[in-house]
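Listed below are the residues making up each chain.
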Amino acid sequence: HSARFRTVQGIASFADKTAAIRNELGSDIHTTANLGGMHPFYWMHQSSFIESFKHGAMTLAWTEDYTYCQPEASRLVVDFEAAYLRKGASYRNQPMMYYCMPHWPGNTPEYLLQCAVMEWGQNVKDLDFFWASPDAFSTENYVTYRGGMPIWKTLRTISGMAGLLEDHLLPARTEPAKVAVLLSEASDVWELNGNSQGSVVPGSEETNISQEERKALWYALRNAGHRVDFVTEADCAEGLLKNYSALYVCGRNLERKAATAIKSWVAAGGTVLATAGAARKDEFDEPLTELDSVFGRGIAKSHTLFKGPLRARLELLFEKPLDQIKLADGTTMKVLCSREEFTPAASATVLGKFGNGQPAWISHTSGKGRAFYLGALPGQAYLQPAIPFTPMGKGGSQTSPWMVEPLDFAAPAAALILEPLKQAQLQPDTQASQRGVALNRLKSPKSTLLTVVNLAQQTDGDRKNLELRVSNLPAARRAWSCFHAKTALPLRHDGDAVIITLPTLAAADVVVIE
């Protein structure tokens, strides 16, 4: 109650001030704050990134992509962070702004361009190159004149791309996805024991484990070609789940009103996956059994809960398996960080077992829908083998091990994460013919835009003849891109889909389909 009171009262106070300012000066005046992105674990505060915009405390959503120097698993953390901000801005169709960080030494031209394109893909319209100045003017955020020319050229490239795209990009909006990841303020509060994120230190009870799992699931889904949205507990209670076909749930705590809504949504045909210990307690840390009948699970017979900090390029590297899960196809998946042993309902189907033969991975039919429950964290198992075991640097070059995008993820964990979508017959509506290409999709009144990011560039190089399959565009007649603007791109139809060929793709590009 105290945490909720603090949030609600703070937002209400700022909303009153915002209303008063705009009443006097007009709606062209915006209120905002740089929300930052460097929360210790890219664990964005839902109150500031989402609720403050939903309830009118601020009108311009603004943060930054200070990610190149952080121990994050993937460059897709920028996509993940921007999706938080897009969620907040979506309720009132508010504008979004990003500090797109060009710092050098530290960042690379390729990473800088990829960040800009991923931010456009999440509906960001305003990019602020903070701080585009020589080092004589600043002690931290700068581009040195000694070797910094490639960064300056990339800033010019991004600006030129914006000029080419603005008639299409400005009115465009990111198209809604069919897959969602749940954000839970209840889980956030209790994993921190009501404290700040600074309380998460080695040996602490406080932990960021659920946010790390959300990020890892996000990366697995995005690397498989799926576009993903966030939903909040309030969204669930307000009926927004009807817009989605699949939902991923992490975190021990869940508001009861959200649990009730998820139960009804699954009964109506939704598909849900929950990870170890998810939704076992409510917003007051009291036992929650509302979803047990949905998942086909009984009580937890034993559990190991991760405590303290977890970061992909730091602590995760040293995590030893607690167990392994043998899946139905004979493959195995590591159990890392957390493990829960539970009794499945008689009506549940066992899809995988722990080393001791006890059920670990189950599916269960609930009404017209299906639920999946796992006594482990598949996201961490997915990531760990792909991360190089090297010290973490604070920025570097394209060949610095800590700057190289991981690609060789654990296949059994990836298959497990994607199994609910396979069962629900959900296919990505944008697909690339080669690995490591992240796509997003926006719709404007006269075109569809694809943001295309070559995450595998460092390993696989520039792409040649990359095919992009885009569903639900039967009337598409022409396509071009920022780096192929002078002639139309090869385009052919396949039913209601269109297949576009990019002759080359370096770090990133944006395709416009008319």
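Quick note: structure is the one above.
Here's a quick rundown of the structure. Given the structure is predicted, the values throughout are model-derived calculations rather than measurements. (Residues numbered from 1 in each chain as written. Predicted model: local features only at pLDDT ≥ 70, side-chain atom pairs only at ≥ 80, totals over all residues. Heavy atoms only, no water.)

Our focus in this paragraph is helix H2 (residues 46-54). By the criterion of burial, H2 is predominantly enclosed, with eight of the nine residues buried. For H2, every residue scored as buried is listed here: Gln46, Ser48, Phe49, Ile50, Glu51, Ser52, Phe53 and Lys54. Positioned one or two residues after H2, Gly56 has a phi angle of 80°, which is positive. (Buried < 20%, exposed > 50% of the residue type's maximum accessible area, 1.4 Å probe, protein only. Helix = DSSP H or I, 4+ residues; strand = E, 2+ residues; numbered from the N terminus.)

Sheet topology places strand S10 (residues 323-327) next to strand S13 (residues 349-354); three bridges connect them, and they run antiparallel. Bridged to Ile325 within S13 is Phe354. Pairing analysis gives four bridges linking S13 to strand S14 (residues 359-366), with the strands arranged antiparallel. Residue pairing across strands places Thr349 opposite Ser363, the latter belonging to S14. Following S13, the chain reverses through four residues before pairing antiparallel with S14; Gly357 in that reversal takes a positive phi of roughly 90°. (Pairing = 2+ DSSP bridges.)

The five strands lie next to each other as S4-S17-S18-S23-S20, forming an open sheet whose pairing is antiparallel. The sheet is open, and its two borders are formed by strand S4 (173-174) and strand S20 (479-481), each paired with just one other strand. Pairing geometry for strand S17 (residues 437-444) and strand S18 (residues 447-454), over eight bridges, is antiparallel. Its bridge partner lying in S18, Ser444 is registered against Ser447. Across the sheet, helix H4 (residues 109-121) touches S4, S17, S18 and strand S23 (508-513), and the angle it forms with S18 is around 145°. (Contact = heavy atoms within 4.5 Å. Axes fitted to C-alpha atoms, helices over the stretch in contact; angles between N-to-C directions.)

This next bit is on empty space enclosed by the protein. Under the counting rule described, the total for this entry stands at two cavities of 30 Å³ or more. Along the wall of the largest cavity there are 14 residues; nearest its centre are Glu72, Arg75, Tyr111, Arg313 and Trp402. Looking at the lining of the largest cavity residue by residue, the class counts come to seven nonpolar, three polar and four charged. In this structure, the second largest cavity encloses a volume near 40 Å³. Lining the second largest cavity, in full, are Asp79, Met118, Gly121, Arg222, Ala438, Leu439, Asn440, Thr451 and Val453. Those elements that provide at least two residues to the lining of the second largest cavity are H4, S17 and S18. (1 Å grid on protein atoms, 1.4 Å probe; cavity = no way out; pocket = protein on both sides within 12 Å on 5 of 7 lines; lining within 4 Å. Points joined across faces, edges and corners; volume = space filled by probe spheres on them. Nonpolar A, V, L, I, M, F, W, Y, C, P; charged D, E, K, R; others polar.)

Between its first and last C-alpha, helix H5 (residues 149-169) extends 28 Å over 21 residues, near the 30 Å set by a 1.5 Å rise per residue. If you look at H5, its biggest bend is around 40°, right at Gly163. Within the span of H5, buried status applies to Ile151, Thr154, Leu155, Ile158, Met161, Leu165, His168 and Leu169. Where H5 is buried, its residues touch H4, strand S3 (126-128), S17, S18, S20 and S23. (Expected span 1.5 Å × (residues − 1). Bend = angle between axes of the 7 residues up to and from the residue.)

Time to look at the pattern of salt bridges. Evaluation of the coordinates by the stated rule reveals 28 salt bridges. Between Glu72 and Lys215 there is a salt bridge, and its shortest N-O distance comes to 2.9 Å. Of this pair, Glu72 sits in the loop between strand S1 (61-64) and helix H3 (77-90) while Lys215 sits in helix H7 (residues 209-223), and the two are 143 residues apart along the sequence. Taken individually, Glu72 and Lys215 each receive the classification buried, so the pair is uniform in this respect. Residue Asp135 is joined to Arg146 by a salt bridge in which the shortest nitrogen-to-oxygen separation is 2.7 Å. A residue pair is termed long-range when its members are at least 10 positions apart, and Asp135 in the loop between S3 and H5 and Arg146 in the loop between S3 and H5 qualify at 11 residues. Here the salt bridges do not stand alone but share partners, grouping Glu175, Arg227, Asp429 and Arg441 into one network. (Salt bridge = Lys/Arg side-chain N within 4 Å of Asp/Glu carboxyl O.)

Left-over empty space is what a probe sized like a water molecule reveals as it rolls over the atoms. A volume near 1100 Å³ is recorded for the largest pocket. Lining the largest pocket are 39 residues, and of these Ala3, Arg4, Thr7, Ser47 and Glu185 lie nearest its centre. Broken down by secondary-structure element, the contributors of at least two residues to the lining of the largest pocket are helix H1 (2-25), H2, helix H6 (185-191) and helix H8 (233-237). If one sorts the elements of the lining of the largest pocket by residue count, H1 sits on top with eight residues. A breakdown of the residues in the lining of the largest pocket according to their chemical character gives 14 nonpolar, 14 polar and 11 charged. Surrounding the second largest pocket, 24 residues form its lining, Glu191, Thr207, Arg252, Leu305 and Phe306 being those nearest its centre.

Our next topic: the side chain of Glu175. With respect to the helices and strands, the residue Glu175 is situated in the loop between S4 and strand S5 (179-183). Judged by relative accessible area, which is 17%, Glu175 ranks as buried. Excluding residues that lie within four positions of it along the chain, Glu175 makes contacts with Arg227, Arg441, Leu442, Lys443 and Thr448.

A contiguous nonpolar surface patch, about 250 Å² in accessible area, is contributed by Ile21, Leu25 and Ile29. Mapped onto the fold, Leu25 is located in helix H1. Residue classification places Leu25 among the exposed positions, given a relative accessible area of 59%. (Patch = residues over 30% accessible without salt bridge, like charges linked within 9 Å, V, L, I, M, F, W, Y side chains within 5 Å. Areas by Shrake-Rupley, 256 points an atom, 1.4 Å probe, with all protein chains shown as cover.)

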